[in-house]
Amino acid sequence: MIQISKHADYMQNIAEITSDLFNLVTTIVDRDYVRVAGTHHFLETIGKPVKNHHVFRYVMEKDKSVLINEPRNDIACLECYSKDVCKKTAAIYSAIKVDNQVVGGLAVIGYDEDQKERIISNKTFFHFVQNLSQLISGKLEAEQSAIKLGTSLKKNIAILNAVHDGVIAVDQNGIIEQINHSASTYFQIKEETYLGKNISELLPSSVVKGIVRDNKPYVDKEVDLKLANKSHSVFLTTEPVNRKALNGGTVLSFKRAQEINTLTKHFSLSGTQPITFDNILGEVPSMKSVIEMAKKVAVGDSNVLILGESGTGKEIFARAIHNESLRSNGPFIAINSAAIPEPLLESELFGYDEGAFTGARRGGKPGKCELASGGTLFLDEVGDIPLFLQSKFLRMIQERTIERVGGTKTIPLDIRIITATHRNLEEMVLNREFREDLYYRLNVIPINLPPLRERLDDIYAISMLNLKKFSHRLNKNIVRLSQEVLDLFRTYPWPGNIRELENTIEYAINIETTDTITIDSLPARMINYNPNHETLRKQVSDAMGSISSDTTHQENIELVETIDKYGWSTEGKKQAADELGIGIATLYRKLKKLKGSQLLERYSE
């Protein structure tokens, strides 16, 4: 509630003017019956509590104005303990209100018959006192509104300056009225330079036209911000103050590309905690060696090529390298080349400008390479990039710039590139399926991940980690694996590697009703597993020659075994393609190359 004592000077002026005009005694008290203003004998008691405030209490509690012409007998005076010796001859009391709350009272008092006559004989005098109290109320309300407005303005400015985006407010003619701290800091848009100037000094004329003339809202429209001799690529969002009229002005916010990348990082992370090398289990010498090597190269910025069969954890390694690099605060953008149809892969990688093709989003769209700027681009299944895109990807690596599909502007990039594949890129180079120059650009630091069948001593630790994870997720209390299951896990070839082991544990937890995973809760392919199948694998390999070091032959064996596991029907091949992490078209292409081979005949009989 407002305190009228803070406006004591104004109150005293009102009291004195009224007293001089009508030769009457005037006084004003606050809600606590403390005298705020007064004339004549009340001057000495200003700032002190009113000893006998019964009439003021009556007026303020009733929220009314009263004319008292018989002080000893009036209803407002009934509780006054000094009414029998009261020297007043007449008086008018009126409540003072602010925002419908009584905050004080005004009294105009006569002490002789002449003064009484002036008070009661003039019928308009009562209304004058009422209007006088309303005048005081209006003054107080106006000042309170001004204080609230000032406080609100300060809060709005504080909010505006707390926003990380650059914000500029313009009037209906495009004249800059307000610039926040972020705009000043990030874009060097100084208030002293640009306040009062037209926004056309900063933005393209076509955008200014949409803002000023058409009252048009934009959402994340990519524009060039013109500053002195330098241009900044930013994402512009506008909001008209009044959408129905052209006289409200517009608020413009600018987001830097780096800010977009920072936001992207939060969505690109897997889980709530970033993956580091501490999350990768590996006690066998071959795995320890790979982890140590990856730790060493993580602190650099060279391109890394991760090789390994499907399901060996190539993306996990890529994330660990990123999160322990100097780029860990930047985004990690992952894209699987095999999972995206060839016609869409180019726009996914490099983005597109508005109007680049039918259905292109208004304002265009940045590609994965552009979003990764300041961080790491992880390109999985790089061997599946079509030849027509390989040259563009090579140019991006060499020049660290891109052009969007349908665009003409060169966009600089600051990225580290990590690629991965389960294919033999060297053989693909020999077969002219992969560019040799691109291969050497990517293969600066090769990392070979061993398959799970070569990491038998790691199987138990990986199994228990996944047992704990999926038991918690599925609200089960399963704490161990039976010895029979452990023995099978050490003999099973794991063609799907760690991914297959994870799926097996999750499947078993869903099926198991005790606290121990048993053979009966495993998938049928494992229950029916025949170790002699591995003997056939070796016989076929020997018949084809020594292929222990030939990744392509190993891939072919893995391909036909996986199809054999799910069946040679169309649906079985689709499931096999999913497990291998390749597209169905890629699977059929591989089978076509194997047509007539001894390997294909033995497994598809």
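### Let's talk about unusual backbone geometry
Here comes step 1: The backbone of asparagine 100 shows a phi angle near 65°, a positive value even though the residue is not glycine.
Here comes step 2: Along the chain, the position of asparagine 100 falls in the loop between β4 (90-98) and β5 (101-110).
Here comes step 3: With relative accessibility at 70%, the residue asparagine 100 sits in the exposed group.
Here comes step 4: Phi is positive for glutamate 381, which is not a glycine, with a value near 50°.
Here comes step 5: Counting through the fold element by element, glutamate 381 comes out in the loop between β13 (376-380) and α13 (387-399).
Here comes step 6: Accessibility expressed as a relative area gives 3% for glutamate 381, which makes it buried.

### Considerations on the environment of proline 495
Here comes step 1: Examined against the element boundaries, proline 495 turns out to sit in the loop between α17 (483-491) and α18 (497-511).
Here comes step 2: Assessed through its relative accessible area of 12%, proline 495 is described here as buried.
Here comes step 3: The spacing of proline 495 and glutamate 579 is 84 residues in sequence and 9.2 Å in space, taken between C-alpha atoms.
Here comes step 4: Apart from the residues within four sequence positions on either side, proline 495 is in contact with Glu309, Ser310, Glu500, Glu558 and Lys565.

### Focus on helix α9 (residues 285-298)
Here comes step 1: With 14 residues, α9 ought to run about 20 Å at 1.5 Å a step, and its terminal C-alpha atoms sit 20 Å apart, in line with that.
Here comes step 2: Next to the buried residues of α9 lie α10 (314-323), β16 (416-421) and β17 (445-448).

### Quick look at the nonpolar core
Here comes step 1: Core analysis: the largest hydrophobic core is formed by 31 residues, its most contacted members being Phe350, Leu377, Val382, Phe393, Met396, Phe434 and Leu442.
Here comes step 2: Within the residue set of this core, elements represented by two or more residues are β12 (332-336), α11 (342-350), α12 (368-371), β13, α13, α14 (425-430) and α15 (436-442).

### Some thoughts on the confidence of the model for the protein chain
Here comes step 1: Summary statistics for the protein chain give a mean pLDDT of 83 and a share of 85% for residues scoring 70 or more.
Here comes step 2: A low-confidence stretch, residues 266-272 (pLDDT under 50), is modelled with eight contacts involving residues beyond four sequence positions or located in other chains.
Here comes step 3: Note on residues 535-551: pLDDT under 50 across the span, and 22 contacts to partners over four residues away in sequence or across chains.

### Re the pairing of strand β6 (residues 166-170)
Here comes step 1: Of all five residues in β6, four are buried; the element is thus mostly enclosed.
Here comes step 2: Bridge analysis of β6 against strand β7 (residues 176-179) gives three bridges, and the strand direction is antiparallel. Counterpart to valine 170 in the pairing with β7 is isoleucine 176.
Here comes step 3: Counting the residues between successive antiparallel strands, the hairpin from β6 to β7 contains five residues, one of them, glycine 174, with a positive phi of roughly 85°.

### Let's talk about the sheet that holds β4
Here comes step 1: Taken in spatial order, the five strands line up as β2-β1-β5-β4-β3 in an open sheet, and their pairing is antiparallel. For this open sheet the edge positions go to β2 (35-38) and β3 (65-68), each flanked by a neighbour on one side alone. Across the sheet, the axes of successive neighbouring strands diverge by a mean angle of 15°, strand direction being ignored.
Here comes step 2: The pairing of β4 with β5 spans nine bridges and is antiparallel. Within β5, the position partnered with alanine 95 by the bridge is glycine 105.
Here comes step 3: Across the face of the sheet, helix α1 (residues 8-22) comes into contact with β1 (25-30), β2 and β5 while running at roughly 35° to β2.

### Comments concerning the pattern of salt bridges
Here comes step 1: Going through the model one piece at a time under the given rule, you end up with 22 salt bridges.
Here comes step 2: The partner of arginine 327 in a salt bridge is aspartate 301, with the nearest N and O atoms 2.7 Å apart. In this pair, arginine 327 is assigned in the loop between α10 and β12 and aspartate 301 in the loop between α9 and β11 (304-307), connecting sequence segments 26 residues apart.
Here comes step 3: As a salt-bridge pair, glutamate 370 and arginine 404 come within 2.9 Å of each other at their nearest N and O atoms. Of this pair, glutamate 370 sits in helix α12 while arginine 404 sits in the loop between β14 (401-402) and β15 (411-412); the two residues are 34 residues apart in sequence, bridging distant segments of the chain. Here the two residues glutamate 370 and arginine 404 agree in accessibility, since each one is buried.
Here comes step 4: Each of the salt bridges in this network shares a partner with another, and the network as a whole consists of Glu500, Arg525, Lys565 and Glu579.

### Some points on the sheet that holds β11
Here comes step 1: Taken together, the five strands give an open sheet; going across it, the order is β12-β13-β16-β11-β17, and neighbouring strands pair in parallel fashion. The open sheet has two free edges, formed respectively by β12 and β17, since each of these has just one partner strand. The average angle at which neighbouring strand axes cross in this sheet is 15°, direction not considered.

### Some thoughts on the packing of α11 against α13
Here comes step 1: Orientation of α11 relative to α13, taken along the N-to-C sense of each, is 10°, at an axis distance of 11 Å. Taken together, the axes of α11 and α13 are roughly parallel relative to one another. Only Phe388, Leu389, Lys392, Phe393 and Met396 of α13 make contact with α11, whose side of the interface consists of Glu342, Leu345, Glu346 and Phe350.
Here comes step 2: Taken together, the residues of the contact of α11 with α13 break down into six nonpolar, no polar and three charged.

### Looking at the side chain of glutamine 115
Here comes step 1: Mapping glutamine 115 onto the fold places it in helix α3 (residues 113-121).
Here comes step 2: Since its relative accessible area comes to 9%, glutamine 115 is described here as buried.
Here comes step 3: There is a polar contact of 2.9 Å between the side chain of glutamine 115 and the backbone oxygen of asparagine 23.
Here comes step 4: In terms of polar contacts, glutamine 115 uses its side chain to reach the backbone amide nitrogen of tyrosine 111, at 2.5 Å.
Here comes step 5: Beyond its immediate chain neighbours, meaning those up to four positions away, glutamine 115 contacts Asn23, Leu24, Ile109 and Gly110.

### Description of α1
Here comes step 1: Taking 1.5 Å per residue as the helical rise, α1 with its 15 residues ought to reach 21 Å, and the 21 Å between its terminal C-alpha atoms agrees with that figure.
Here comes step 2: Within α1, the full set of buried residues consists of Met11, Gln12, Ile14, Ala15, Thr18 and Ser19. Buried positions in α1, seen along its axis, are confined to an arc of 160° and lie on one side of it. Facing away from the buried side of α1 by over 90 degrees, the exposed positions are Asp9, Ile17, Asp20 and Leu21.
Here comes step 3: Asparagine 23 lies just past α1 and shows a positive phi near 55°.

### Digging into a negative patch on the surface
Here comes step 1: Residues Asp112, Glu113, Asp114 and Glu117 make up a contiguous surface patch of negative charge.
Here comes step 2: Mapped onto the elements of the fold, aspartate 114 is located in helix α3.

### A look at the side chain of aspartate 30
Here comes step 1: Its location among the elements puts aspartate 30 in strand β1.
Here comes step 2: Despite its burial, aspartate 30 remains without a salt bridge, the nearest opposite charge being carried by arginine 31 at 8.1 Å.
Here comes step 3: Within the local environment of aspartate 30, its side chain forms a polar contact with the backbone nitrogen of aspartate 32, the two atoms lying 2.9 Å apart.

### Some words on the environment of leucine 24
Here comes step 1: Among the secondary structure elements, leucine 24 is positioned in the loop between α1 and β1.
Here comes step 2: Along the backbone, leucine 24 and aspartate 112 are 88 residues apart, and their C-alpha atoms lie at a distance of 9.8 Å.
Here comes step 3: Residue contacts for leucine 24: discarding those within four places in its chain leaves Ser19, Thr39, His40, Val108, Ile109, Gly110, Gln115, Arg118, Ile119 and Phe125.

Definitions and cut-offs
Residues numbered from 1 in each chain as written. Predicted model: local features only at pLDDT ≥ 70, side-chain atom pairs only at ≥ 80, totals over all residues. Heavy atoms only, no water. Helix = DSSP H or I, 4+ residues; strand = E, 2+ residues; numbered from the N terminus. Buried < 20%, exposed > 50% of the residue type's maximum accessible area, 1.4 Å probe, protein only. Contact = heavy atoms within 4.5 Å. Expected span 1.5 Å × (residues − 1). Core = buried A, V, L, I, M, F, W, Y, C linked by side-chain atoms within 4.5 Å. pLDDT = per-residue confidence, 0-100. Pairing = 2+ DSSP bridges. Axes fitted to C-alpha atoms, helices over the stretch in contact; angles between N-to-C directions. Salt bridge = Lys/Arg side-chain N within 4 Å of Asp/Glu carboxyl O. Parallel < 35°, antiparallel > 145°, perpendicular 65-115°, else oblique. Nonpolar A, V, L, I, M, F, W, Y, C, P; charged D, E, K, R; others polar. Polar contact = N/O pair within 3.5 Å; in protein donor to acceptor, adjacent residues only side chain to side chain. Arc of directions from axis to C-beta. Patch = residues over 30% accessible without salt bridge, like charges linked within 9 Å, V, L, I, M, F, W, Y side chains within 5 Å. Areas by Shrake-Rupley, 256 points an atom, 1.4 Å probe, with all protein chains shown as cover. Lys, Arg positive; Asp, Glu negative; His and termini not counted. Charge placed at Lys NZ, Arg CZ, Asp CG, Glu CD.

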